[in-house]
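A closer look at the structure
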Amino acid sequence: MIYADNAATTRISDRAFEQMLPFLHEQYGNASSQYSLGIKARRAVEKARRQFAASIGANPSEITFTSGGSEANSWVLRCIAETYLNDSIHIITSTIEHHSVLNACHALKQSGAFEVTFLPVDNTGRVSVEDVKAAIRDNTKLVSIMFANNEIGTIQPIAEIGRILCECGILFHTDAVQAVGHIPVSVSDLQVDFLTASAHKFNGPKGVGMLYKRSGLELPPLIFGGEQERGLRAGTENVAGIVAAGYAIEESIAKMDESTQKLTEMVYLTVKGILTRLPAARLNGDFENRLPGIINFSFDGASGGSLMHLLDLKGICVSTSSACNSGQDTPSHVLLALGLTEEQAKSAIRISYGRYNTVDQVEAIISAVCEAYEKILSHH
Ligand SMILES: *Cc1c(COP(=O)(O)O)cnc(C)c1O
């Protein structure tokens with residue numbers, strides 16, 4: 001099998017897996033318990049918090065563990081809005097956000113209590129800093145723009161947007177799920193107030209997310225209950241998952257340079273191979289401001305779903321744009337936002353490489369894509 005869908009999820013690293021196991025078994029203490037079994041669990045959770053905080057240049061007290069990236073995103077959008085329920089505030093986001101941000105914004109807008117602006121992107125998938133500036137109103141309280149897109153890999157000008165919003169005193173959240181562990185991320189350089197990450201996107205376990213909240217800011221809890229996570233996110237901690245996430249981020253940071261070099265080469269070879277052998281293919285997204293591992297192609301006259309299934313028969317895992325859309329016959333909102341037609345958007349597949357891919361897999365992928373495409377065309 002060749003797994004080339006690392007933007008959907010990644011395989012947990014051996015080290016993170018090993019560190020996780022004892023906490024699922026003999027070290028099963030509740031991190032809130034005051035005897036040694038519980039204290040050991042608490043220490044392990046706090047170590048992971050320090051490991052994660054260090055990876056984004058934050059203070060450990062600014063990190064809250066959640067059940068994933070979707071929870072952290074929903075939390076910021078819904079609970080900031082709730083704080084200003086009576087002030088009819090304005091929120092700015094983009095049209096290419098992950099559905100956890102986008103659907104939260106749609107719900108807020110539909111409630112009638114909030115104004116939301118969905119900023120467009122250019123044909124490479126970039127939000128314009130000028131557009132952000134122009135969209136700011138007197139009652140704008142929150143801007144949420146993703147760091148890097150999960151379908152096309154485009155990286156947004158977060159630091160520039162952060163500078164402007166900081167001057168205006170507007171809260172700034174970024175969904176950095178695809179960036180953290182893959183490219184350098186520093187909360188102080190970016191001047192963000194809130195930042196979302198998720199462990200299963202950087203070779204950690206599923207079901208563990210992190211929300212960075214700049215110290216001093218208020219955010220009401222999403223989940224009420226006990227005093228876990230300083231009362232911000234109640235519920236018994238997922239100790240094993242959190243411990244593994246801490247090791248996973250440490251390892252991702254340590255291996256980042258090496259990994260980037262390999263991924264860049266793999267992406268270069270894949271793009272060159274596919275575009276030379278299939279002139280009807282087009283690369284979606286940006287050539288420059290992009291994550292090292294994600295590429296997205298449209299194939300004129302084919303369906304992305306059929307391509308994906310034919311590749312699956314050969315043991316190759318890729319996706320039709322985003323895992324969240326798969327199974328549905330709706331074209332990707334991201335590709336439509338780039339200006340693709342519905343048909344072009346439905347003909348897309350995303351290849352996303354990760355730590356466990358090797359350069360010698362590229363040729364197999366290119367050949368399989370070419371064969372699948374030709375097979376589909378020959379059936380027309
Ligand atoms: C995967 C992903 C999420 C959701 O994270 P989960 O931990 O799976 O809930 C949010 N945003 C982006 C950009 C993602 O790629």
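Calculation notes
Residues numbered from 1 in each chain as written. Predicted model: local features only at pLDDT ≥ 70, side-chain atom pairs only at ≥ 80, totals over all residues. Heavy atoms only, no water. Helix = DSSP H or I, 4+ residues; strand = E, 2+ residues; numbered from the N terminus. Buried < 20%, exposed > 50% of the residue type's maximum accessible area, 1.4 Å probe, protein only. Contact = heavy atoms within 4.5 Å. Areas by Shrake-Rupley, 256 points an atom, 1.4 Å probe, with all protein chains shown as cover. Lys, Arg positive; Asp, Glu negative; His and termini not counted. Charge placed at Lys NZ, Arg CZ, Asp CG, Glu CD. Near = heavy atom within 4 Å. Polar contact = N/O pair within 3.5 Å; in protein donor to acceptor, adjacent residues only side chain to side chain. Nonpolar A, V, L, I, M, F, W, Y, C, P; charged D, E, K, R; others polar. Pairing = 2+ DSSP bridges. Axes fitted to C-alpha atoms, helices over the stretch in contact; angles between N-to-C directions. Expected span 1.5 Å × (residues − 1). Domains from an automatic or database assignment. Salt bridge = Lys/Arg side-chain N within 4 Å of Asp/Glu carboxyl O. Phe/Tyr/Trp six-rings, centres within 6.5 Å; stacked < 30°, edge-to-face > 60°.

**A closer look at the overall build of the protein**
Regarding its fold elements, the protein presents 13 helices and 12 strands. On the principal axes, the C-alpha backbone points of the protein span a range of 65 × 55 × 35 Å. Looking at the protein as a whole, 58% of its 380 residues qualify as buried. Expressed as a percentage of contacts within the protein between residues at least 6 apart in sequence, the contacts between residues at least 24 apart total 73%. Total accessible area on the protein is roughly 16100 Å²; 52% of this is exposed by carbon and sulfur atoms. Once the 32 positive and 41 negative side-chain charges of the protein are each reduced to a mean point, those two points are 4 Å apart.

**Notes on the site of the ligand**
What surrounds the ligand is a group of 13 residues, the closest being Ser70, Asp175, Gln178, Ser198 and Lys201. In the environment of the ligand, a nitrogen atom lies 2.7 Å from a nitrogen or oxygen atom belonging to the side chain of Asp175. If the ligand stood free it would expose 390 Å²; the protein chains cover 87% of that surface. Broken down by element, the shell around the ligand gets its largest block of residues, three residues, from helix α3 (residues 69–83). Residue composition of the shell around the ligand, grouped by class: two nonpolar, nine polar and two charged.

**Quick notes on the sheet that holds strand β10 (residues 294–299)**
In space, the three strands of this open sheet follow the order β9-β10-β12, with antiparallel pairing throughout. Each edge of the open sheet is held by one strand with a lone partner, namely β9 (281–284) and β12 (348–352). Along the sheet, successive strands turn relative to each other by an average axial angle of 30°, direction set aside. Pairing analysis gives five bridges linking β10 to β12, with the strands arranged antiparallel. Looking at β12, one finds that Phe297 is bridged to Ile349. The strands that helix α9 (residues 256–277) touches are β9, β10 and β12; relative to β10, the one it contacts most, it runs at about 10°.

**Let's talk about helix α8 (residues 239–254)**
Taking 1.5 Å as the rise per residue, α8 with 16 residues should run 22 Å; its terminal C-alpha atoms sit 23 Å apart, in good agreement. Here α8 lies mainly inside the structure; 13 of its 16 residues are buried.

**Observations concerning helix α2 (residues 36–56)**
Taking 1.5 Å as the rise per residue, α2 with 21 residues should run 30 Å; its terminal C-alpha atoms sit 31 Å apart, in good agreement. Within α2, burial applies to Gly38, Ala41, Ala44, Val45, Ala48, Arg49, Gln51, Phe52, Ala53, Ser55 and Ile56. Positive backbone phi, approximately 70°, marks Gly57, located one or two places after α2.

**Topic: the domain arrangement of the protein**
For the protein, the assigned domains are domain 1 (2–9 + 256–379) and domain 2 (14–251). For domain 1 versus domain 2, the distance between C-alpha centres works out to 27 Å. Listed per partner, the contact involves 27 residues of domain 1 and 34 residues of domain 2. Here domain 1 and domain 2 share one salt bridge between them. The residue Glu251 makes a salt bridge to Arg355 at a minimum N-O spacing of 3.8 Å. Applying the counting rule to domain 1 against domain 2 returns 12 residue pairs in polar contact (both at pLDDT 80 or more). Of all elements in the fold, only α9, β10 and α11 (333–337) reach the threshold of two or more residues within the side of domain 1 that touches domain 2. With four residues, α11 is the largest single contributor of residues to the side of domain 1 that touches domain 2. Here the side of domain 1 that touches domain 2 is built from residues that sort into 12 nonpolar, 11 polar and four charged.

**Focus: the packing of aromatic side chains**
Scanning all chains against the criterion turns up two aromatic pairs. Each ring, one from Phe297 and one from Phe299, has its centre 6.0 Å from the other, and the planes form 40°; the classification is tilted. As far as burial versus exposure is concerned, Phe297 and Phe299 are alike and both buried. Each ring, one from Phe299 and one from Tyr373, has its centre 5.6 Å from the other, and the planes form 50°; the classification is tilted. Of this pair, Phe299 sits in strand β10 while Tyr373 sits in helix α13 (residues 362–378); the two residues are 74 residues apart in sequence, bridging distant segments of the chain. For the pair formed by Phe299 and Tyr373, the shared burial category is buried. The structure contains a cluster of three or more aromatic residues connected by ring pairs, namely Phe297, Phe299 and Tyr373.

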